Amino acid sequence: MNKLFIIDRKDNVAVALEALKKGYTEQGISLIDDVPCAHKVALCDMKEGDTVIKYGCPIGHLTRDVRAGEHIHEHNLKTNLSGELEYSFCGDTTYKAEKPSLTFNGYLREDGRAGTRNEIWIISTVGCVNKTVELLAENAGKKSYPDCDGVFGYTHPFGCSQMGDDQENTRKIIASLVNHPNAGGVLVVSLGCENSNAEIIKSYIADYDENRVKFLVTQDCEDELEEGARLIDELYEYASKADRTELPISLLSVGLKCGGSDAFSGITANPLCGVVTDKLTAQGSGFILSEVPEMFGAETLLFERSENRTVFDKAVGLINGYKSYFASHGQECYENPSPGNHEGGITTLEEKSLGCIKKGGNAVITDVLGYGDAVSKAGLSLLSGPGNDIVAITNLTAAGATLILFTTGRGTPLGAPVPTVKISSNTALSEKKSGWIDFDAGAVIGGADIDSLGDELISLIIDIASGKNTKNELGGYRQISIFKDGVIM
């Protein structure tokens, strides 16, 4: 098998499939340098300022002359990105889902949404009661609740002393989590005197079933642990009445995320997710793509798939708004700051972005969501939010994803409140971290048919949506983190 992988016929670099020594020769190329695994190799002589092409698209320009066989990385490659761009609308893109042929066994909720789990969630409104939430979840774990999928606590350090949009973000995320279809019952735990107190959160939740959502204000009761346990028992009585039923795949909402990427992520795991996205959005499922900074440099490829002018304008606003966010803090928005990415062979942000957006396949962009907004349309929605792993998976969960496809080339045990399906970009990672990885996409490098592999992943997704535990669930990795952008009083 070749050890230099050329992704697109237009590329002028190849990717080393393993660490290669100086002098290694293949496809008429003799290496001038030692090249680490997953790093880039020049396929021809190039001059300073020439554009480097990968995935068939520019990923930056050379800062000096290079020869065929030379290692291409941060020592000789720099991004092409700078400033805000002007974009042109390319016309409507038709999206019409076919009648779904696939089903999963999920929980149909009263609002018409479907959950993949029937759990009881305990959510803090403020960091002051985090330990209370943890103790309530721990104590509940010692009891028997056979007809629900578990009792879990979710904490964060915010909810008080925040101002403006920063406080608004916290309230929206808490409310969206409370309304999530994977939660058959929710206990909201408040201190009582915080800015985002129980009464405030109730106004964000809007109409809710008091049998499904209950509030514990710890300053108002003598023994909050005893009172909390009583409320959890009541929530269980309500949640335990729900049953799994066969539902069309069109009711499945899926989040897309990559973290701890390497140069294989854009070759194997992310394109594999793209195949799944295309197949399931064609049947009416809703997929959600976030990590806005990791769209920079590849956004025009997304804009071309906008369903209509309204979606296009919202997508442009999403990108330019996020660039303004960086500028407002005096930060450069076109750097790839992750040491793991650099070590894994990803040099520039556009290189990372071109690989990142492959998770969305060729699906039509049908909506653009603000931070804390919920998905409401079939097809592919773009969601405002950062690339930070734990913030992003919380954001996807709050947006209504009932499971998340999480690709990784370097590995992470991180999990969201919803099933988080870890997909490795290389087989070595899957073998080394079998306790983390649910599916190995590394077979694509060995020539496996990506369409058939996509069907295998869909089969796993259906099993997980129907109750099979992911590795993050088995390991107990469930966390949330809320986007922070503001002052604390």
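Keep in mind that what you see is a predicted model, and the values were worked out from it rather than measured. One numbering rule holds for all chains: residues counted from 1, following each sequence as written. Where totals are concerned, whole chains, interfaces and linings use all residues; where local detail is concerned, this predicted model gives features only for residues with pLDDT of at least 70, and gives and counts side-chain atom pairs only at 80 or more. Note: side-chain values were computed over all heavy atoms of the structure, leaving out hydrogens and water.

> An account of the nonpolar core is needed here, citing residue identities and associated values.
Residue types Ala, Val, Leu, Ile, Met, Phe, Trp, Tyr and Cys, when buried and joined through side-chain atoms within 4.5 Å, form a set referred to as a nonpolar core. Any residue under 20% of the maximum accessible area for its type is buried, any over 50% is exposed, and the rest in between are partly exposed; the area is computed with a 1.4 Å probe on protein chains only. If you look at the biggest cluster of nonpolar residues, it comprises 89 residues, and the most contacted ones within it are F296, L382, L405 and I423. Sequence-distant contacts of L382, that is, excluding residues within four places in its chain, are made with L289, M295, L302, A315, L318, I365, D367, V368 and L369. Judged by nonpolar contacts, the second largest core, of 19 residues, contains V126, A140, Y145 and C148. A contact between two residues is defined here by any heavy atoms of the two lying within 4.5 Å.

> For the sheet that holds strand β13 (residues 151–154), give the residues involved together with the corresponding values.
At least two bridges found by DSSP between two strands is the condition for calling them paired. We count a stretch as a helix when DSSP gives it H or I for four or more residues in a row; a strand needs E for two or more, and each element gets its number in order from the N terminus. The parallel open sheet is built from 4 strands, whose spatial order is β13-β12-β14-β15. The open sheet terminates on both sides in strands that have one partner only, identified here as β13 and β15 (213–217). On average, each strand axis in the sheet is tilted by 20 degrees relative to the strand beside it, whichever way the strands run. The sheet contact formed by strand β12 (residues 119–124) and β13 spans 4 bridges and is parallel. Each bridged residue has a counterpart across the sheet, and for I122 the counterpart in β13 is G153. Axis definition: a line fit to C-alpha positions, over the contact stretch in the case of helices; interaxial angles, taken between N-to-C directions, run 0 to 180 degrees. Running over the sheet, helix α3 (residues 198–205) touches β14 (183–190) and β15 and is turned about 160 degrees from β15.

> I'd like a rundown of the side chain of D262, residues and numbers included.
With respect to the element layout, D262 can be found in the loop between β17 (253–258) and α5 (269–281). His is not counted, nor are the chain ends; Lys and Arg add positive charge and Asp and Glu add negative charge. Salt bridges are defined as contacts in which a side-chain nitrogen from Lys or Arg sits within 4 Å of a carboxyl oxygen from Asp or Glu. Of the side chains with opposite charge, R410 lies nearest to the buried D262, which makes no salt bridge, at 6.2 Å. We define a polar contact as two N or O atoms separated by no more than 3.5 Å, with the added condition that, inside protein, one atom must be a possible hydrogen donor and the other a possible acceptor, whereas residues neighbouring each other in sequence contribute only through side-chain atom pairs. Among the polar contacts listed, one links the side chain of D262 to the backbone nitrogen of F264, at a separation of 3.0 Å. A polar atom in the side chain of D262 sits 2.8 Å from the side chain of S425.

> So what's going on with unusual backbone geometry? Which residues, and what values?
Positive phi outside glycine occurs at Q27, with the angle close to 55 degrees. With respect to the helices, strands and loops of the structure, Q27 is situated in the loop between β3 (25–26) and β4 (29–30). Positive phi, close to 60 degrees, is recorded for E291, a residue that is not glycine. If you trace the backbone, E291 turns up in the loop between β18 (286–289) and α6 (299–303).

> Tell me about the sheet that holds strand β5 (residues 40–42), and please be specific about residues and values.
Strand order in the open sheet formed by 4 strands is β1-β2-β5-β8, and the pairing between neighbours is antiparallel. With partners counted over all chains shown, the strands left at the sheet margins are β1 (4–5) and β8 (71–72), one partner each.

> A description of the packing of aromatic side chains should follow, citing residues and the corresponding values.
Aromatic pairs are defined between Phe, Tyr and Trp rings, using the six-membered ring for Trp, whenever the two ring centres lie within 6.5 Å; interplanar angles under 30 degrees are classed as stacked, those over 60 as edge-to-face, and all others as tilted. Under the definition given, this model contains 12 aromatic pairs. With 6.2 Å between their ring centres and 65 degrees between their planes, F296 and F326 make a pair best called edge-to-face. Pair noted here: F296 is in the loop between β18 and α6 and F326 is in helix α7 (residues 309–328), with a separation of 30 residues, a long-range link. A relative accessible area of 0% means that F296 is categorised as buried.

> Go over the packing of α5 against helix α12 (residues 450–465), please, and point to the residues and values.
With their axes 9 Å apart at the nearest point, α5 and α12 run at an angle of 70 degrees to one another. With respect to α12, the axis of α5 lies roughly perpendicular. As for the relative orientation of α5 and α12, their crossing is right-handed in sense. Seen from α5, the contacting residues are P271, L272, V275, V276, K279 and L280; seen from α12, they are I450, D451, L453, G454, D455, L457, I458 and I461. Roughly parallel means an angle under 35 degrees; roughly antiparallel means over 145; roughly perpendicular covers 65 to 115; every other angle is labelled oblique. Should the near helix be turned anticlockwise from the far one by less than a right angle, the crossing is termed left-handed; should it be turned clockwise, right-handed.

> Summarise a nonpolar patch on the surface; cite the residues concerned and give the values.
Together, M163, V487 and M489 line one region of the surface with nonpolar side chains, adding up to about 350 Å² of accessible area. Mapped onto the fold, V487 is located in the segment after α13 (471–475). Distance thresholds for patches are 9 Å for like charges and 5 Å for nonpolar side chains (Val, Leu, Ile, Met, Phe, Trp, Tyr), applied to residues having over 30% relative accessible area and no salt bridge. Residue burial considers only the protein chains on display, and all accessible areas are found by Shrake-Rupley using a 1.4 Å probe.

> Describe helix α1 (residues 130–141), naming the residues involved and giving the relevant values.
What a helix is expected to span follows from its residue count: subtract one and scale by 1.5 Å. Helix length check: α1 (12 residues) gives 17 Å between terminal C-alpha atoms against 16 Å at 1.5 Å per residue, within 8%. Among the residues making up α1, those that are buried are N130, T132, V133, L136, A137 and A140. The buried residues of α1 occupy one face: seen down the axis, they fall within an arc of 165 degrees. Buried residues in α1 make contact with β12, β13, β14, β15 and α4 (224–239). Comment: arc refers to directions from the helix axis out to C-beta atoms.

> Please provide a residue-by-residue account of the pairing of strand β19 (residues 365–369), values included.
Taking burial as the measure, the 5 residues of β19 include 5 buried ones, the bulk of the element. Pairing of β19 with strand β20 (residues 379–383) involves 4 bridges; the strand directions are parallel. Following the sheet pairing, I365 is matched in β20 by L380.

> Please provide a residue-by-residue account of helix α2 (residues 164–178), values included.
The terminal C-alpha atoms of α2 lie 22 Å apart, and with 15 residues this matches the ideal 21 Å at 1.5 Å per residue to within 8%. Within the span of α2, buried status applies to D166, Q167, N169, T170, R171, I173, I174, A175, S176, L177 and V178.

> Residues and numbers for the pattern of salt bridges, please.
Summed over all chains, the structure comprises 28 salt bridges. A salt bridge links E199 to K202, with the nearest nitrogen and oxygen atoms 3.1 Å apart. You can see E199 and its partner K202 sitting in helix α3, 3 residues apart, about one turn around the helix. Residues D451 and K279 are paired through a salt bridge, measuring 3.2 Å at the closest nitrogen-oxygen approach. Residue D451 is found in helix α12, and its partner K279 is found in helix α5; the two are separated by 172 residues along the sequence.

> Help me get a handle on the environment of I59, residues and values and all.
As for its position among the elements, I59 is in strand β7 (residues 57–62). Given a relative accessible area of 0%, I59 falls into the buried group. In the structure, I59 is positioned 71 residues away from N130 in sequence and 44 Å away in space, judged by C-alpha atoms.

> A description of the pairing of β14 should follow, citing residues and the corresponding values.
Of all the 8 residues making up β14, 8 are buried; the element is thus mostly covered by neighbouring parts of the structure. Relative to β14, β12 runs parallel, the two sharing 6 bridges. Residue pairing in the sheet places W121 in a bridge with V186 of β14.

> Any chance you could break down the packing of α1 against α4 for me, citing the residues and the numbers?
Packing of α1 against α4 brings their axes to within 10 Å, and their N-to-C directions diverge by 55 degrees. Relative to α4, the element α1 is oriented oblique. Between α1 and α4 lies a crossing of right-handed hand. On α4, the residues touching T132, L135, L136 and A140 of α1 are E224, L225, G228, A229 and I232. Three classes are used, and their members are as follows: Ala, Val, Leu, Ile, Met, Phe, Trp, Tyr, Cys and Pro are nonpolar, Asp, Glu, Lys and Arg are charged, and the others, Gly among them, are polar. Split by residue class, the contact of α1 with α4 holds 6 nonpolar, 2 polar and 1 charged.

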